[in-house]
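Fold and contact review
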Amino acid sequence: MSEYDYIIVGGGMVADNAAKGIREQDPTGSILVVGNDVDAPYTRPALSKKLWTDEEFTTDKVPLGTEETGATVVTGTTVTGLDREAHTITTDAGDTHTYRSLLLATGASPTQLDLPPSERVVYFRTFADYRRLRALASEGTHVAVVGGGYIGTEIAAALSQNGVTVTLVTSDDVVGGHMFPETLAREFHRTFVDHDVTIRMGVKVSSGQQSGSSVSLTLDDGSTLDADAVVFGLGVKPNVDLAEQAGLEVDNGIVVDEHLRTADPDVYAAGDVANYPDAILGRRRIEHVDNANEMGKTAGRIMAGSTDPYTYTPYFYSDVYDNGYQAVGTMSTELTTVEDWKTPGKEGVVYYLDENSVLRGVLMWNVWEGLDEAKEMLKSDAPRSREDLVGAL
C-alpha cells in the first residue's frame, strides 16, 4: 500500500493543472496521478487542430510535462474502487493507495454505436486515436466523419486539408445548423463544400460493419456509405461510475459545490465530469479546455488549502479552415438569435436569448475581443431587445 497526500484519478489536462495548482500551495506534498490513458497528460485541442494544420507544431509538443511537478504519473491504469471511509483507491493492477485529498478528474468517454472501435473505426478522443487516424490519413484515402458538432467539423476540416477524401455525415439540414443561425450556418457549410468535402445532410448512422480494409455504414434513410475508415464525433458522456460506486451524488456528472467539493469533504471533482455551480451561468457541466485548465488549477489549490471558490466562467472556441470563433454560455438555435454582423457570415457577433429575452449565450465569429464584456452581459437577467444588443460588442 502506497500513501499519498494527494491522489488525482484521471490523466488528462485537469490532472496536469491540478498537480500544478497543488504545487502553488504545497511545494512538497506527495502527488499521484493515475489514469487509463496510455499517454501522460497532453494538450487535447491540438489533436483536432494544430497537429493537422501547423507544420511547426509536432507531436513532441503535445505532452504537458506533469512529471515536472514531482508527481508520480501512472498511465494505462484504471481505478476500480474507491473506499471513502478508508481513504483508499484500488486499481486494476491490484494496487491500493491511500490519500488525504482525492480529485476525481475522470473526464468523459465518446458516445459509441454498435460498431466496435478498431484501426479503421475511431471514436475520436485521445492522442492514441490521433495516431491511428494520422496513420490512415494518406492522399486519396476516403474517411467518413460522423457528427456535425465540434469534433466532427474540426476533424473533417483537418483531414480535407491533408489530402484525404472526406464525407461528413450530419443530422443537420445544413452543417452547424443546430448551433448557428441560418446566415452563418450556410456560410459555414459552404467552406466544407469549397474544400471538396461531400456532405450527407439530415441523416444519422443506423448501423455499420467493418470488412477487411473497408467500413460500410447504413444510414437511417436506407442508403449506405462505404469508406476506408470512419471517425465518430457524437459527443461524450461523463465517466461517473467510480463516483456512483462510492455513493457520491451524480446528476449529469459528479455534483460539487463552489469549492469543487463533493458531499465528502476529502473528495473533489473537476473538468468534464463535474456538475458545478457557475457564478454567471448557473449549475452546469462543461466539456471545454478552458474549463479543464481553470477548474483543474483551482481544484489543486483548494485541495492544498486554498479557501477561494471557483468563480471563473469558461469560454470555448473552435477553428475550422480560415474561420475561428469563441463563445460563452449556450449556443443553440433552439434559442432566439440576434445577429450583429460587420460582414455577414464572415465577422460578427451572435446573441442567444431565451423565451424571456434574457441573454444566455454569445458567439464571436472571427472576433477576438470582447470576451470579458460578453461575460458581464450574461450576468444580467434583464430582457434584451435587438436594439440593446446590436453594437454592444
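Looking at an unreviewed UniProt entry, one finds the protein named FAD-dependent oxidoreductase, with Rhodococcoides corynebacterioides as its source organism.

1. Section: the overall build of the protein
When its secondary structure is counted, the protein shows 9 helices and 27 strands. For 393 residues, the compact-globule estimate of 2.2 N^0.38 gives 21 Å, and the protein sits close to it at 22 Å. Structurally, the protein occupies a C-alpha span of about 60 × 60 × 40 Å along its principal axes. The buried share of the protein, taken over its 393 residues, is 54%. Residue pairs in contact within the protein that sit at least 24 positions apart in sequence constitute 61% of those at least 6 positions apart. With 31 positive and 61 negative side-chain charges, the protein shows a spacing of 2 Å between the two charge centroids.

2. A look at the pairing of strand E21 (residues 274-278)
With respect to burial, E21 is a largely interior element, 4 of its 5 residues being buried. Examined bridge by bridge, strand E19 (residues 254-255) and E21 share 2 bridges and lie parallel to one another. Each residue of the ladder has a partner; that of Val-255, found in E21, is Asn-275. By the bridge criterion, 3 bridges tie E21 to strand E22 (residues 282-284) in an arrangement that is antiparallel. Opposite Asp-278, over in E22, you have Gly-282 as the bridge partner.

3. So, the packing of aromatic side chains
Considering all chains together, one arrives at 14 aromatic pairs under this definition. Relative to Phe-192, the ring of Phe-188 has its centre 5.3 Å away and its plane inclined at 85°; by these criteria the two rings are edge-to-face. One end of the pair is Phe-188 and the other is Phe-192, both in helix H5 (residues 182-194) and 4 residues apart, which spans about a single turn. We classify Phe-192 as buried; its relative accessible area is 0%. Feature note: the residues Phe-180, Phe-188, Phe-192, Tyr-321, Tyr-325 and Trp-365 constitute an aromatic cluster, connected by ring pairs. One Lys or Arg, Lys-49, reaches over the ring of Tyr-317 and ends 4.9 Å from the middle of that ring. The cationic tip of Arg-131 hangs over the ring face of Phe-127; the distance from NZ or CZ to the ring centre is 4.6 Å.

4. What to know about unusual backbone geometry
The phi torsion at Ser-357 lies on the positive side, around 65°, for a residue other than glycine. Secondary-structure assignment places Ser-357 in the loop between strand E26 (347-353) and strand E27 (359-365). Here the phi dihedral of Asn-366 falls at roughly 55°; this positive angle occurs in a residue that is not glycine. Mapped onto the secondary structure, Asn-366 falls in the loop between E27 and helix H8 (371-378).

5. A word on the UniProt feature "domain: FAD/NAD(P)-binding" (unreviewed entry) in the protein
Per the UniProt annotation, the sites labelled "domain: FAD/NAD(P)-binding" (unreviewed entry) are residues 4-296. Regarding residues 4-296, the helix share stands at 22% and the strand share at 29%, and the terminal C-alpha atoms are separated by 19 Å.

6. Some points on helix H7 (residues 289-303)
In a regular helix each residue adds 1.5 Å, so 15 residues correspond to 21 Å; H7 covers 21 Å between its end C-alpha atoms and thus fits that length. Of all the 15 residues making up H7, 12 are buried; the element is thus mostly covered by neighbouring parts of the structure. Listed as buried for H7 are Val-289, Asp-290, Asn-291, Ala-292, Met-295, Gly-296, Lys-297, Thr-298, Ala-299, Gly-300, Ile-302 and Met-303. Where H7 ends, the next residue or the one after it, Gly-305, has phi of about 120°, a positive value.

7. Focus on the sheet that holds E22
Here we have 3 strands laid out as an open sheet, ordered E19-E21-E22, and mixed in their pairing. The strands lining the two open edges of the sheet, one partner per strand, are E19 and E22.

8. Focus on the environment of Glu-387
Note that Glu-387 resides in helix H9 (residues 386-389). On the basis of relative accessible area, Glu-387 is assigned to the exposed category, the value being 65%. With 49 residues separating them along the chain, Glu-387 and Val-338 place their C-alpha atoms 9.7 Å apart.

9. So, the sheet that holds strand E11 (residues 142-146)
On the basis of which strands lie adjacent, the open sheet formed by 5 strands has the order E10-E17-E11-E12-E13 and parallel pairing. The sheet is open, and its two edges are formed by strand E10 (121-123) and strand E13 (198-201), each paired on a single side. The average undirected angle you get between the axes of adjacent strands in this sheet is 15°. Sheet topology places E10 next to strand E17 (residues 229-232); 3 bridges connect them, and they run parallel.

10. Description of the side chain of Asn-17
With respect to the element layout, Asn-17 can be found in helix H1 (residues 13-25). A polar contact of 2.8 Å, which involves the side chain of Asn-17, links it to the backbone oxygen of Met-13. Every residue in contact with Asn-17, bar those within four places of it in the chain, is listed here: Ala-292, Asn-293, Gly-296 and Lys-297.

11. Structural notes on the packing of H1 against H7
Where H1 contacts H7, the axes come no closer than 6 Å and their chain directions differ by 35°. Seen from above, H1 lies across H7 with right-handed handedness. Where H1 approaches H7, its residues Met-13, Val-14, Asn-17, Ala-18, Lys-20, Gly-21, Ile-22, Glu-24 and Gln-25 are matched on the opposing element by Val-289, Ala-292, Asn-293, Gly-296, Lys-297, Gly-300 and Arg-301.

12. Re the pairing of E26
Extensive coverage of E26 is indicated by the burial of 6 of its 7 residues. Of the pairings in the sheet, the one linking strand E25 (residues 336-343) to E26 comprises 7 bridges and is antiparallel in character. When the sheet's bridge partners are listed, Trp-341 is paired in E26 with Gly-348. Connecting E25 to the next strand, E26, in antiparallel fashion are 3 residues, including Gly-345 with a positive phi near 75°. Relative to E27, E26 is paired through 6 bridges, and the arrangement is antiparallel. Each residue of the ladder has a partner; that of Val-350, found in E27, is Leu-363. The antiparallel pairing of E26 with E27 creates a hairpin that spans 5 residues between the two strands, and Ser-357 there sits at a positive phi of about 65°.

Each value, and the rule that gives it
Residues numbered from 1 in each chain as written. Predicted model: local features only at pLDDT ≥ 70, side-chain atom pairs only at ≥ 80, totals over all residues. Heavy atoms only, no water. Helix = DSSP H or I, 4+ residues; strand = E, 2+ residues; numbered from the N terminus. Rg over C-alpha atoms; globule rule 2.2 N^0.38 Å. Buried < 20%, exposed > 50% of the residue type's maximum accessible area, 1.4 Å probe, protein only. Contact = heavy atoms within 4.5 Å. Lys, Arg positive; Asp, Glu negative; His and termini not counted. Charge placed at Lys NZ, Arg CZ, Asp CG, Glu CD. Pairing = 2+ DSSP bridges. Phe/Tyr/Trp six-rings, centres within 6.5 Å; stacked < 30°, edge-to-face > 60°. Lys NZ or Arg CZ within 6 Å of the ring centre and 35° of its normal. UniProt positions renumbered as here; feature names shortened; annotations may be inferred. Expected span 1.5 Å × (residues − 1). Axes fitted to C-alpha atoms, helices over the stretch in contact; angles between N-to-C directions. Polar contact = N/O pair within 3.5 Å; in protein donor to acceptor, adjacent residues only side chain to side chain. Left-handed = near helix turned anticlockwise from the far one by under 90°.

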